[in-house]
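Reading the structure
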Amino acid sequence: GDQSMRVSKIFVGGLNSSVGNNEFRQYFEGFGPVVESTVMIDKETSRSRGFGFVTFESCDTVEAIMDRRDHSIMGKVVEVKKAFPKGDGGGG
């Protein structure tokens, strides 16, 4: 299904709570140039919500990441999925 679509953005879940933007970005820059990376932070507690997104310059970088089954950041295995645009045009 969708997984064959070529995208340049990924969703990353299962992050160690001590992983900040720097560590997050650093890990994925190992695969290719990163345009934008964000670890989602809970506004109430200022703690990591345990997931984030990375946008790369190239779809090929995403393909290379998806080819690798297991990713771990700071010793914790994370879940990586392609992030698809919602396609409804509604932002928010």
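These figures come from a predicted structure and were not determined experimentally.

So, about the overall build of the protein. In terms of regular secondary structure, the protein is built from two helices and five strands. Seen in sequence order, the protein has helices and strands lined up from the N terminus as β-α-β-β-α-β-β. Viewed in the frame of its principal axes, the protein has a C-alpha envelope of about 35 × 30 × 25 Å. Residue burial in the protein is summarised as follows: out of 92 residues, 32% are buried. For the protein, contacts bridging at least 24 residues in sequence account for 63% of all contacts bridging at least 6. Of the roughly 5,900 Å² that the protein leaves accessible, carbon and sulfur atoms contribute 46%. If the 12 positive side-chain charges of the protein are averaged to one point and the 13 negative ones to another, these points end up 3 Å apart.

This part covers the side chain of Thr61. Looking at where Thr61 falls in the secondary structure, it is placed in helix 2 (residues 59-67). Setting aside residues no more than four positions away along its own chain, Thr61 makes contact with Phe31, Gly32 and Phe56.

A separate point is the sheet that holds strand 2 (residues 34-41). Taken in spatial order, the five strands line up as 2-3-1-5-4 in an open sheet, and their pairing is antiparallel. Each edge of the open sheet is held by one strand with a lone partner, namely strand 2 and strand 4 (71-73). Here the average twist between neighbouring strands, direction ignored, is 30°. Sheet analysis places strand 1 (residues 9-13) next to strand 5 (residues 76-82), joined by four bridges and oriented antiparallel. Bridge pairing in strand 5 places Val12 opposite Val80.

We now examine the nonpolar core. Counting residues in each nonpolar core, the largest one holds 18 residues, and the members touching the most others are Ile10, Val12, Phe24 and Phe28. Contributions of two or more residues to this core are made by strand 1, helix 1 (21-29), strand 2, strand 3 (48-56), helix 2 and strand 5.

With that out of the way, let us pick up the side chain of His71. Tracing the backbone shows His71 in strand 4. Note on His71: relative accessible area 2%, which makes it buried. Looking at His71, its side chain comes within polar contact range of the side chain of Tyr27, at 2.7 Å. Not counting the four nearest positions on each side in its chain, His71 is found in contact with Tyr27, Phe31, Ile65, Lys76, Val77, Val78 and Val80.

With respect to the helices and strands, the residue Phe28 is situated in helix 1. Separated by 53 residues in the primary sequence, Phe28 and Lys81 place their C-alpha atoms 13 Å from one another. Those residues in contact with Phe28 that lie beyond four places of it in its chain are Ile10, Val12, Val34, Val54, Phe56, Ile65, Ile73 and Val80.

Reading the values: rules and limits
- Throughout, a residue's number is its position along its own chain's written sequence, starting from 1.
- In view of the model being predicted, local features appear only for residues whose pLDDT reaches at least 70, and side-chain atom pairs are presented and counted only at 80 or more, with totals across whole chains, interfaces and linings using the full set of residues.
- Side-chain figures throughout are based on the complete set of non-hydrogen atoms in the structure, without hydrogens or water.
- Segments assigned H or I by DSSP are reported as helices when at least four residues long, segments assigned E as strands when at least two residues long, and all are numbered from the N terminus.
- Only protein chains enter the accessibility calculation, which uses a 1.4 Å probe; a residue whose area is less than 20% of its type maximum is buried, one above 50% is exposed, and one in between is partly exposed.
- Working rule for contacts: check all heavy atoms of both residues, and any pair within 4.5 Å makes them a contact.
- Computed with a 1.4 Å probe, the accessible areas rest on the Shrake-Rupley method; for each residue, only the protein chains presented here act as cover.
- All tallies of charge rest on Lys and Arg as positive and Asp and Glu as negative; His and the ends of each chain are not included.
- A charged residue contributes its charge at one atom only: NZ of Lys, CZ of Arg, CG of Asp or CD of Glu.
- Here, a strand pair is defined by DSSP locating no fewer than two bridges between the strands.
- Every axis in this analysis is a line fitted to C-alpha atoms, fitted for helices over the stretch in contact. Angles between the N-to-C directions lie between 0 and 180 degrees.
- Nine residue types can take part in a nonpolar core, namely buried Ala, Val, Leu, Ile, Met, Phe, Trp, Tyr and Cys, and a core is a set of them joined through side-chain atoms within 4.5 Å.
- In the analysis that follows, any N or O atom pair within 3.5 Å is treated as a polar contact, provided that within protein one partner can donate a hydrogen and the other can accept it, and provided that, for residues neighboring in sequence, both atoms belong to side chains.

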